[in-house]
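Here is what each chain is made of, one letter per residue.
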Amino acid sequence: MTSGLWELVLKGIWVTVQLLVFSALLAAAVSFVVGIARTHRLWMVRFLAGFYTEVFRGTSALIMIFWVFFVLPPAFGWQLVPMWAGTLALGLTYGAYGSEIVRGALNSVDPAQREGGIALSFTHAQRLRLILLPQAVPEMIPPFSNLLIELLKGTALVSVMGMGDLAFSGNLVRLALQESAEIYTYILLIYFVIAFLLTRLMRGLEKRLKAGVGRAPADGGKPKVSAARPETTAVGAEAAGGR
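What you are looking at is a predicted structure, and each value in this text was computed from that prediction instead of being measured.

Conventions and cut-offs
- Residues numbered from 1 in each chain as written.
- Predicted model: local features only at pLDDT ≥ 70, side-chain atom pairs only at ≥ 80, totals over all residues.
- Heavy atoms only, no water.
- Helix = DSSP H or I, 4+ residues; strand = E, 2+ residues; numbered from the N terminus.
- Buried < 20%, exposed > 50% of the residue type's maximum accessible area, 1.4 Å probe, protein only.
- Contact = heavy atoms within 4.5 Å.
- Areas by Shrake-Rupley, 256 points an atom, 1.4 Å probe, with all protein chains shown as cover.
- Expected span 1.5 Å × (residues − 1).
- Arc of directions from axis to C-beta.
- Phe/Tyr/Trp six-rings, centres within 6.5 Å; stacked < 30°, edge-to-face > 60°.
- Bend = angle between axes of the 7 residues up to and from the residue.
- Polar contact = N/O pair within 3.5 Å; in protein donor to acceptor, adjacent residues only side chain to side chain.
- pLDDT = per-residue confidence, 0-100.

Draft legend 1. Structural detail: the overall build of the chain. Each helix and strand counted, the chain has nine helices and zero strands in total. Along its sequence from the N terminus, the chain presents helices and strands in the succession α-α-α-α-α-α-α-α-α. Looking at the 243 residues of the chain, the share that counts as buried comes to 34%. The long-range share in the chain, meaning contacts at least 24 apart out of those at least 6 apart in sequence, stands at 74%. Working note: accessible area of the chain is about 14,300 Å², and carbon and sulfur atoms make up 67% of it.

Draft legend 2. Focus on helix α7 (residues 166-177). A rise of 1.5 Å per residue sets the reference length of α7, with its twelve residues, at 16 Å; its end C-alpha atoms lie 16 Å apart and thus fit the reference within 8%. Buried within α7 we find L166, S169, G170 and V173. Projected down its long axis, α7 shows its buried positions confined to an angular sector of 100°, all on one face. At the C-terminal side of α7, Q178 shows a positive phi close to 55°.

Draft legend 3. Structural detail: the packing of aromatic side chains. For the structure on display, the rule yields nine aromatic pairs. Considering the side-chain rings of Y52 and F56, the 4.6 Å spacing of their centres and the 40° angle between planes classify their relative orientation as tilted. On the criterion of helical spacing, the pair formed by Y52 and F56 is a turn pair, its members being four residues apart in helix α2 (residues 43-57). Taking the relative accessible area as the measure of exposure, F56 reaches 13% and is therefore buried.

Draft legend 4. Inspection of helix α3 (residues 61-76) at higher detail. In this model α3 runs 21 Å from its N-terminal to its C-terminal C-alpha over 16 residues, within 8% of the 22 Å that 1.5 Å per residue would give. Remark: the principal bend of α3, roughly 35°, maps to W67. All of the buried residues in α3 are A61, M64, I65, V68, F69, L72 and P73. In this structure, the buried side of α3 is in contact with α2 and α4 (82-107). The backbone nitrogen of L62 lies 3.2 Å from a side-chain oxygen of the residue at the head of α3, namely S60.

Draft legend 5. Expanded view of the environment of M163. Among the secondary structure elements, M163 is positioned in the loop between α6 (124-154) and α7. A relative accessible area of 6% places M163 in the buried class. The sequence separation of M163 and G86 amounts to 77 residues, and the corresponding C-alpha distance is 9.1 Å. Among all residues touching M163, those that are not within four sequence positions of it are V15, L19, P82, M83, V158 and F168.

Draft legend 6. Expanded view of the confidence of the model for the chain. The predicted model of the chain averages 83 in pLDDT, with 86% of residues at 70 or higher. Counting contacts from residues 217-221, a segment whose pLDDT is below 50, to residues more than four positions away or on other chains yields five contacts. Residue range residues 223-243 is modelled with pLDDT below 50. Its contacts to residues more than four positions away, or to other chains, number three contacts.

Put into structure tokens, the structure is as follows:
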């Protein structure tokens, strides 16, 4: 490929990464807000959160992109640029899936932990912040990692709006060179590399979070056992001899 075509592909990669970051941030915010709302004590809050989840899980992400870009703006008399239309559609859609991850992780926390917070007269917000989330978040990372990879794949859907992401740019290069096998192989490899880097990043984050709550060592190895101090050993021996 010529330098101009490679530049087009690089621009497509940058657009895809931007879209991934923006939509992932929105999806994460939606996941926690809706997921926590689904565990709320008020039934109306749980109902509204569940209704949102079922609506967005039951609709196609591609059709949602069409709806946000072509249907929603004329109804309000304004127009969204493709980047923000894609971010809104993907973030809301994948946030619905993420809310189930958050809800399941919160419900998996030992009920005794909740009861301990109540015994300490913690408010609901304090129990959530100090007890439930620190234990639940590490359990969310593996399914969130899978969801993030699915979101990366979903970014290719924005090419239907003419947005210059990696899939759209790759197709333009294919048309210019009239070479499908080579170009699409390159695109597949690029998506794989991005997904692999995301996976390694999420695994590192999972180890650090689990180490923070004492579930795994930060370096991934065996827990370090500190040697006993001489004076402690001597005191223990003396105590044992006195019995």
